[in-house]
Amino acid sequence: MPTDLAACEALDRADPLARHRDAFELPAGLVYLDGNSLGALPRATAARVADVIRREWGQDLITSWNKAGWIDLPRRVGDKIGRLVGAAPGEVIVADSTSINVFKVLAAALALRPDRRTILSDSGNFPTDLYMAQGLAALRADGRRLRLEAPEDVAAAIDDDTAVVMLTEVDYRTGRLHDMAAITAAAQARGALMLWDLAHSAGAFPVDLARCNADFAVGCGYKYLNGGPGAPAFVYVAARHQDSFRQPLSGWLGHAAPFAFDTSYAPARGIGRYLCGTPPILSLVALECGVDTLLEADMSAIRAKSERMTALFIDLVERLCAGHGLELASPRAAARRGSQVSFRHPEGYAIMQALIARGVIGDFRAPDILRFGFTPLYLRHVDVWRAADTLRDVLATRAWDAPRFRTRAAVT
Ligand SMILES: *Cc1c(COP(=O)(O)O)cnc(C)c1O
């Protein structure tokens with residue numbers, strides 16, 4: 001591990017991904033370690049979205065649904081995301097938000113396992129996934145229920161009453177990875193279906209849904225896919241399941257023939273039935289720019305750099321900040337963590353605000369987690385150094401211990 005700034009500069013000179021940083025607009029002097037929550041802006045996005053607004057919308061108006069291919073965007077961008085997550089063409093579509101996609105595929109999964117009552121998840125899962133499962137169970141009011149186990153106990157808890165196992169591969173707090181292939185195999189061995197949330201996986205490192213034999217997956221457009229705030233999400237349904245049930249949000253764009261204007265719903269064949277209403281074209285165009293910047297790079301090189309950066313950050317923080325009460329919350333083994341590093345500290349919120357005030361942006365997750373996301377396409381090893389060194393300074397000077405850093409904002 002490098003021990004000083006010069007060694008980090010040497011790593012940057014040897015970095016095969018270094019040129020990709022130029023594909024992003026990044027404010028000078030800022031170290032952005034929150035691309036796991038809102039990805040950075042690709043340079044191509046503003047001009048492309050402006051062209052869609054001025055020309056495709058402004059000049060060509062409604063003809064753009066055909067002429068500019070707007071109607072095909074959910075599938076086209078879905079197929080591009082499919083290349084990042086190991087799905088075949090026609091298995092991924094862009095639609096709605098991750099929360100809504102969780103609802104759609106959970107409902108589909110329950111329909112495929114009518115004799116089983118349980119949606120099984122882990123207590124560390126991201127709350128919206130759990131809330132959507134609770135909402136679906138309440139709506140059905142037929143004894144279906146959400147059961148939660150500790151992350152390390154979830155595989156052993158799969159039983160003959162489990163309809164679907166719903167897990168997020170990367171724990172949003174700690175970055176701990178679940179073993180997708182092993183848990184999927186365990187679920188399917190008991191006759192259950194497997195739903196993976198790839199919110200912190202897609203675009204962060206290689207994912208292979210086909211090799212894992214996953215049944216369903218969902219994921220976010222605005223995190224590592226760099227699609228912009230509120231970008232639409234994606235949903236994956238293995239080809240073998242696509243035509244075997246309906247999803248409940250049976251909007252017209254999921255209909256087999258939306259422009260027949262029939263009074264009865266008949267689902268489209270294939271992944272198209274996972275659409276609901278009219279897609280947000282401006283956001284989809286921005287998402288496509290984000291996905292394109294990732295497709296320019298090699299995912300295994302992204303993973304290699306991510307492992308190197310997260311290991312470097314852990315090493316630097318533990319050395320430079322020793323004695324200030326930080327405790328590593330992420331797995332120490334690089335192979336067991338996603339592209340983030342988290343530390344616990346009782347004053348985590350104020351420390352993070354002090355870091356942000358000094359131009360190092362991470363985020364805070366209650367109750368005590370300082371979270372740092374590493375996006376290899378646009379971060380350098382010198383940024384890792386600066387983040388660790390700034391954290392050292394904030395702790396050593398107690399700069400965080402000021403009233404203005406303790407006032408909680410609406411979004412943490
Ligand atoms: C970020 C995230 C979401 C976000 O869902 P939205 O519907 O886009 O707000 C869902 N699940 C997980 C695991 C996440 O990390």
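Note that the structure is predicted; figures quoted are calculated from it, not measured.

Participant: Describe the overall build of the protein, and please don't skip the residues or the numbers.
Facilitator: The number of helices and strands found in the protein is 12 helices and 15 strands. Taking 22 Å as the expected radius of gyration for a compact globule of 412 residues, we find that the protein reaches 22 Å, a close match to that expectation. Projected onto its principal axes, the C-alpha positions of the protein cover 70 × 55 × 40 Å. Buried positions account for 56% of the 412 residues belonging to the protein.

Participant: Lay out the pattern of salt bridges in plain terms, naming residues and giving numbers.
Facilitator: In total, this model carries 33 salt bridges according to the counting rule given. The shortest N-O distance in the salt bridge between aspartate 96 and lysine 104 comes to 2.5 Å. Since its relative accessible area comes to 28%, aspartate 96 is described here as partly exposed.

Participant: Explain empty space enclosed by the protein to me, using residue names and the numbers behind them.
Facilitator: Tallying each qualifying case throughout the model produces three cavities of 30 Å³ or more. In terms of residue class, the lining of the largest cavity is built from seven nonpolar, three polar and no charged.

Participant: Explain the site of the ligand to me, and be specific about the residues and the numbers.
Facilitator: Lining the immediate environment of the ligand, one finds 13 residues, of which Ser99, Asp129, Asp197, Tyr222 and Lys223 sit closest. Between an oxygen atom of the ligand and a side-chain N or O atom of tyrosine 222, the distance comes to 2.9 Å. Within the contact set of the ligand, an oxygen atom lies 2.6 Å away from a side-chain nitrogen or oxygen of lysine 223. Calculation on the ligand without its partners gives an accessible area of 390 Å², and the protein chains cover 86% of this total. Judged by its atoms lying within 2 Å of the grid points, the ligand is housed in the largest pocket. Of all elements in the fold, only helix H5 (98-112) and helix H6 (127-140) reach the threshold of two or more residues within the shell around the ligand.

Participant: Give me the packing of helix H2 (residues 43-59) against helix H9 (residues 281-295): which residues, what numbers.
Facilitator: Across the interface, H2 lies against H9 with an axial gap of 9 Å and an inter-helix angle of 150°. If you check the angle between H2 and H9, you find them roughly antiparallel. Between H2 and H9 lies a crossing of right-handed hand. The segment H2 lies against H9, with Ala44, Thr45, Arg48, Val49, Val52 and Ile53 engaging Ile281, Leu282, Val285, Ala286, Glu288 and Cys289. Partitioning the contact of H2 with H9 into residue classes produces nine nonpolar, one polar and two charged.

Participant: For helix H12 (residues 381-396), give the residues involved together with the corresponding values.
Facilitator: Along an α-helix, a turn takes 3.6 residues, which lines up residues three or four apart on a common side. End to end, H12 covers 23 Å across 16 residues, agreeing with the expected 22 Å (1.5 Å per residue, within 8%). Listing the buried residues of H12 in full gives His381, Val382, Asp383, Val384, Trp385, Ala387, Ala388, Thr390, Leu391, Val394 and Leu395. Phi turns positive one or two residues past the end of H12, at arginine 398, with a value near 55°.

Participant: Give a detailed account of the side chain of aspartate 129, specifying residues and quantitative values.
Facilitator: With respect to the secondary-structure elements, aspartate 129 resides in helix H6. When residues no more than four places from it in sequence are discounted, the contact partners of aspartate 129 are Val102, Met166, Thr168 and Asp197.

Participant: So what's going on with the nonpolar core? Which residues, and what values?
Facilitator: Leu198, Phe313 and Phe372 are the most contacted members of the largest nonpolar core, which has 91 residues in total. Those residues within four positions of phenylalanine 313 in sequence are excluded, and the remaining contacts are Val341, Phe343, Phe372, Phe374, Val384, Ala387 and Ala388. Counting residues in hydrophobic clusters, the runner-up holds 30 residues, among them Leu110, Leu136, Val164 and Tyr274.

Participant: Break down the pairing of strand S7 (residues 162-168) for me, with residues and values.
Facilitator: Most of S7 is tucked away, with seven of its seven residues classed as buried. Sheet topology note: the strand S5 (residues 118-122)/S7 ladder contains three bridges and is parallel. Of the residues in S7, the one forming a bridge with leucine 120 is valine 165. Summarising the sheet, S7 and strand S8 (residues 193-197) pair through five bridges and their orientation is parallel. Looking at the pairing, leucine 167 lines up with tryptophan 196 of S8. Between the parallel elements S7 and S8, the chain passes through helix H7 (residues 180-189) in a crossover that is right-handed.

Participant: Now, about the pairing of strand S10 (residues 234-237): what can you tell me, with residues and values included?
Facilitator: Judged by which residues are buried, S10 turns out to be covered on both faces: Phe234 and Tyr236 on one side and Val235 and Val237 on the other are all buried. In the sheet, strand S4 (residues 92-94) pairs with S10 via three bridges, with the strands oriented antiparallel. Note on S10: the bridge partner recorded for valine 92 is tyrosine 236. By the bridge criterion, four bridges tie strand S9 (residues 216-219) to S10 in an arrangement that is antiparallel. Bridging across to S10, glycine 219 finds its partner in phenylalanine 234.

Participant: Run through H7, naming residues and quoting values.
Facilitator: Among the residues of H7, Met180, Ile183, Thr184 and Ala187 are the ones counted as buried. Buried residues of H7, viewed axially, fall in a sector of 100°; they line one side. Once H7 finishes, glycine 191 follows within two positions and takes phi at roughly 85°, a positive value.

Participant: Would you mind going over a nonpolar patch on the surface in detail, with residue names and values included?
Facilitator: A surface patch of nonpolar side chains, about 500 Å² in accessible area, is lined by Ile53, Trp57, Leu61, Ile62 and Leu282. Note on placement: leucine 61 falls in the loop between H2 and helix H3 (64-67). Taking the relative accessible area as the measure of exposure, leucine 61 reaches 49% and is therefore partly exposed.

Thresholds applied
Residues numbered from 1 in each chain as written. Predicted model: local features only at pLDDT ≥ 70, side-chain atom pairs only at ≥ 80, totals over all residues. Heavy atoms only, no water. Helix = DSSP H or I, 4+ residues; strand = E, 2+ residues; numbered from the N terminus. Rg over C-alpha atoms; globule rule 2.2 N^0.38 Å. Buried < 20%, exposed > 50% of the residue type's maximum accessible area, 1.4 Å probe, protein only. Salt bridge = Lys/Arg side-chain N within 4 Å of Asp/Glu carboxyl O. 1 Å grid on protein atoms, 1.4 Å probe; cavity = no way out; pocket = protein on both sides within 12 Å on 5 of 7 lines; lining within 4 Å. Points joined across faces, edges and corners; volume = space filled by probe spheres on them. Nonpolar A, V, L, I, M, F, W, Y, C, P; charged D, E, K, R; others polar. Near = heavy atom within 4 Å. Polar contact = N/O pair within 3.5 Å; in protein donor to acceptor, adjacent residues only side chain to side chain. Areas by Shrake-Rupley, 256 points an atom, 1.4 Å probe, with all protein chains shown as cover. Sits in = over half its atoms within 2 Å of the grid points. Axes fitted to C-alpha atoms, helices over the stretch in contact; angles between N-to-C directions. Parallel < 35°, antiparallel > 145°, perpendicular 65-115°, else oblique. Left-handed = near helix turned anticlockwise from the far one by under 90°. Contact = heavy atoms within 4.5 Å. Expected span 1.5 Å × (residues − 1). Core = buried A, V, L, I, M, F, W, Y, C linked by side-chain atoms within 4.5 Å. Pairing = 2+ DSSP bridges. Right-handed = clockwise from strand over helix to strand, strands pointing away. Arc of directions from axis to C-beta. Patch = residues over 30% accessible without salt bridge, like charges linked within 9 Å, V, L, I, M, F, W, Y side chains within 5 Å.

From the geometry alone we can't say anything about function, so treat these as descriptive.
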